[in-house]
Amino acid sequence: PRFDSVAVPLTTEFQYYDGDAAASYTDVSPGGGLYNTRPMMSITGAFTSGLGSPRCRVADYTGTTGSVGDGGTFLTCDKPRFPDSMRSATGSYSIEVALNGQCFFSS
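Residue numbers here run from 1 along each chain, matching the order of that chain's written sequence. In keeping with the predicted nature of the model, local features appear solely for residues at pLDDT of at least 70, side-chain atom pairs appear and are counted solely at 80 or more, and the whole-chain, interface and lining totals rest on all residues. Heavy atoms throughout the structure, all of them, feed into the side-chain values; hydrogens and water do not.

Visitor: Explain the sheet that holds strand β4 (residues 61-62) to me, please; I cannot follow it from the model alone.
Guide: Strand pairing in a sheet is mediated by backbone hydrogen bonds. Such pairs are either parallel or antiparallel. Read across the sheet, three strands follow the order β4-β3-β7 without closing on themselves; strand pairing throughout is antiparallel. One side of each edge strand has no neighbouring strand; the edge strands of this open sheet are β4 and β7 (95-98). We treat two strands as partners when DSSP finds at least two bridges between them. Put simply, DSSP marks the helices as runs of H or I at least four residues long and the strands as runs of E at least two long, and each gets a number from the N terminus on. Bridge count between strand β3 (residues 55-58) and β7: four bridges; the pairing is antiparallel. Residue pairing for β7: R55 is matched across the bridge by A98.

Below you can see the structure in the form of structure tokens.
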């Protein structure tokens, strides 16, 4: 078989992701909920948009979707569903954000 060569355009542009500079948040709601549901969380603060598909992590569990809204003043993302082993867990949990969907940071 014969293969024709195809010109692939290369780009020299890239965007550096600095999570600490890309976002800061001041409020999260709701402040609690059931362990096995996946409600949307609303996080108020300052967020850079256009870095990819945002996601949130609560404790060690990562959500699947998120979006930056209205001029970067809030972020919505789904709270991940916790496994049944977390049914009796109570207390506070860390919340981390990845505006590019990969590099998580807490603020």
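Visitor: Could you clarify how one ought to interpret the pattern of salt bridges in this entry?
Guide: Opposite charge on two side chains lets them pair, provided their charged atoms get close. Salt bridge criterion: a side-chain nitrogen from Lys or Arg within 4 Å of a carboxyl oxygen from Asp or Glu. For the coordinates displayed, the defined rule picks out two salt bridges. A salt bridge links R38 to D78; the nearest nitrogen and oxygen atoms lie 3.7 Å apart. Placement of R38 in the loop between β1 (23-29) and β2 (40-47) and of D78 in strand β6 (residues 74-78) is noted, with a sequence separation of 40 residues between them. Relative accessibility thresholds used throughout: buried, under 20% of the residue-type maximum; exposed, over 50%; partly exposed, between the two (1.4 Å probe, protein chains only). The class for R38 is partly exposed, based on a relative accessible area of 37%. Residue classification places D78 among the buried residues on the basis of a relative accessible area of 3%. Notably, a salt bridge pairs R57 with E96, separated by 3.4 Å at the nearest N-O pair. Note that R57 is positioned in strand β3 and E96 in strand β7, a separation of 39 residues in sequence.

Visitor: In this structure, what is going on with unusual backbone geometry? I would like to understand it.
Guide: Only a minority of non-glycine residues have a phi that is not negative, and only a minority of peptide bonds are not trans. At the junction of S29 and P30, the peptide bond is cis and its omega measures out at 0° in the coordinates. Within the chain, A59 stands out as a residue other than glycine whose phi angle is a positive 55°. Locating A59 in the fold gives a position in the loop between β3 and β4. Residue classification places A59 among the buried positions, given a relative accessible area of 15%.

Visitor: What should I look at first to understand the pairing of strand β5 (residues 66-69) in this one?
Guide: One face of the sheet, then the other: side chains in a regular strand alternate in exactly this way. Sheet analysis places β5 next to β6, joined by four bridges and oriented antiparallel. Following the sheet pairing, S67 is matched in β6 by T76. The antiparallel pairing of β5 with β6 creates a hairpin that spans four residues between the two strands, and D70 there sits at a positive phi of about 25°.

Visitor: What should I look at first to understand the sheet that holds β6 in this one?
Guide: With antiparallel pairing, four strands are arranged side by side in an open sheet as β1-β2-β6-β5. Edge positions in the sheet fall to β1 and β5, since each of these pairs with one other strand and no more. Averaged over all neighbouring strand pairs, the angle between strand axes comes to 25°, with direction disregarded. Both β2 and β6 contribute to a ladder of five bridges, which runs antiparallel. Pairing of M41 across the sheet is with C77, part of β6. Between the N-to-C directions of two axes lies an angle of 0 to 180 degrees, each axis being a line fitted to C-alpha atoms and, for a helix, fitted only over the stretch in contact.

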